[in-house]
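Listed below are the residues making up each chain.
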Amino acid sequence: MNLTYGEIHCARRGANMLLGGKRNIPQIAKFKIARIHDALDKVFGPLEEYRMGLVQKYGTEQFADEEKKISMGWQIGENTDAYKAFEKDWEEFCAQTMDVTVTPITLTMLGDAPDGLEALEFKLLGPLVVEV
């Protein structure tokens with residue numbers, strides 16, 4: 001399946017959320033989500049490394065102490081020129097495509113329980129959830 005880097009990055013995050021949560025979905029769907037996660041996990045690392053490189057390029061490291069020994073990670077202030085430059089570079093990177101050996105899951109496979117998937121998870125999984 002041909003996916004953009006952005007779709008891969010988002011779908012891997014969505015599958016990761018589902019693996020860590022308790023959702024009322026059928027066992028077959030849980031199995032398929034685990035397989036989707038495994039397939040995307042193989043290519044996620046370099047995409048996330050690139051994103052983190054951009055965060056370090058455009059952001060600043062935040063510290064919990066004045067001596068700057070306890071790092072709280074890197075951040076880019078929203079609505080700044082640096083954030084706009086980060087978004088531009090990230091969007092250009094995410095537009096690239098890659099062929100990934102992954103099979104989408106059908107909407108009916110996921111069931112219709114009120115405590116099933118959240119709208120955000122559907123959004124993140126994107127083209128990996130299809131209607132029959």
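An account of the accompanying structure is given in this report. Keep in mind it's a predicted model, so treat the numbers as computed, not measured.

**Some words on the side chain of Lys 32**
Part 1 of the reasoning: For Lys 32, the position within the fold is in helix α2 (residues 27-58).
Part 2 of the reasoning: Reaching out from Lys 32, the side chain makes a polar contact with the backbone oxygen of Thr 103 at a distance of 3.5 Å.
Part 3 of the reasoning: Apart from the residues within four sequence positions on either side, Lys 32 is in contact with Thr 103, Pro 104, Ile 105 and Met 109.

**Digging into the packing of aromatic side chains**
Part 1 of the reasoning: By the definition in use, this model includes 4 aromatic pairs.
Part 2 of the reasoning: Pairing Tyr 50 with Phe 93 gives two aromatic rings, centres 3.9 Å apart and planes at 15°, and the pair type is stacked. Of the two residues, Tyr 50 is situated in helix α2 and Phe 93 in helix α3 (residues 81-94); the sequence distance between them amounts to 43 residues.
Part 3 of the reasoning: Judged by relative accessible area, Phe 93 falls into the buried class, the value being 12%.
Part 4 of the reasoning: Among the aromatic residues, ring-to-ring pairing joins Tyr 5, Tyr 50, Trp 90 and Phe 93 into one connected group.
Part 5 of the reasoning: Residue placement shows Arg 12 over the ring face of Phe 44; its charged tip is 4.1 Å from the ring centre.

**Topic: the packing of helix α1 (residues 5-20) against α2**
Part 1 of the reasoning: Look at α1 against α2: their axes get within 8 Å of each other, and the N-to-C directions meet at 125°. Of the possible angle classes, the one that applies to α1 and α2 is oblique. In terms of crossing hand, the pair formed by α1 and α2 is left-handed. Of α2, the residues touching α1 (which contributes Tyr 5, Ile 8, His 9, Ala 11, Arg 12, Arg 13, Ala 15, Asn 16, Leu 18 and Leu 19) are Ile 33, Ala 34, His 37, Leu 40, Asp 41, Val 43, Phe 44, Leu 47, Glu 48 and Arg 51.
Part 2 of the reasoning: Within the contact of α1 with α2, the residues separate by chemical class into 12 nonpolar, 3 polar and 5 charged.

About the cut-offs
Residues numbered from 1 in each chain as written. Predicted model: local features only at pLDDT ≥ 70, side-chain atom pairs only at ≥ 80, totals over all residues. Heavy atoms only, no water. Helix = DSSP H or I, 4+ residues; strand = E, 2+ residues; numbered from the N terminus. Polar contact = N/O pair within 3.5 Å; in protein donor to acceptor, adjacent residues only side chain to side chain. Contact = heavy atoms within 4.5 Å. Phe/Tyr/Trp six-rings, centres within 6.5 Å; stacked < 30°, edge-to-face > 60°. Buried < 20%, exposed > 50% of the residue type's maximum accessible area, 1.4 Å probe, protein only. Lys NZ or Arg CZ within 6 Å of the ring centre and 35° of its normal. Axes fitted to C-alpha atoms, helices over the stretch in contact; angles between N-to-C directions. Parallel < 35°, antiparallel > 145°, perpendicular 65-115°, else oblique. Left-handed = near helix turned anticlockwise from the far one by under 90°. Nonpolar A, V, L, I, M, F, W, Y, C, P; charged D, E, K, R; others polar.

By themselves, these figures tell us nothing about what the structure is for.
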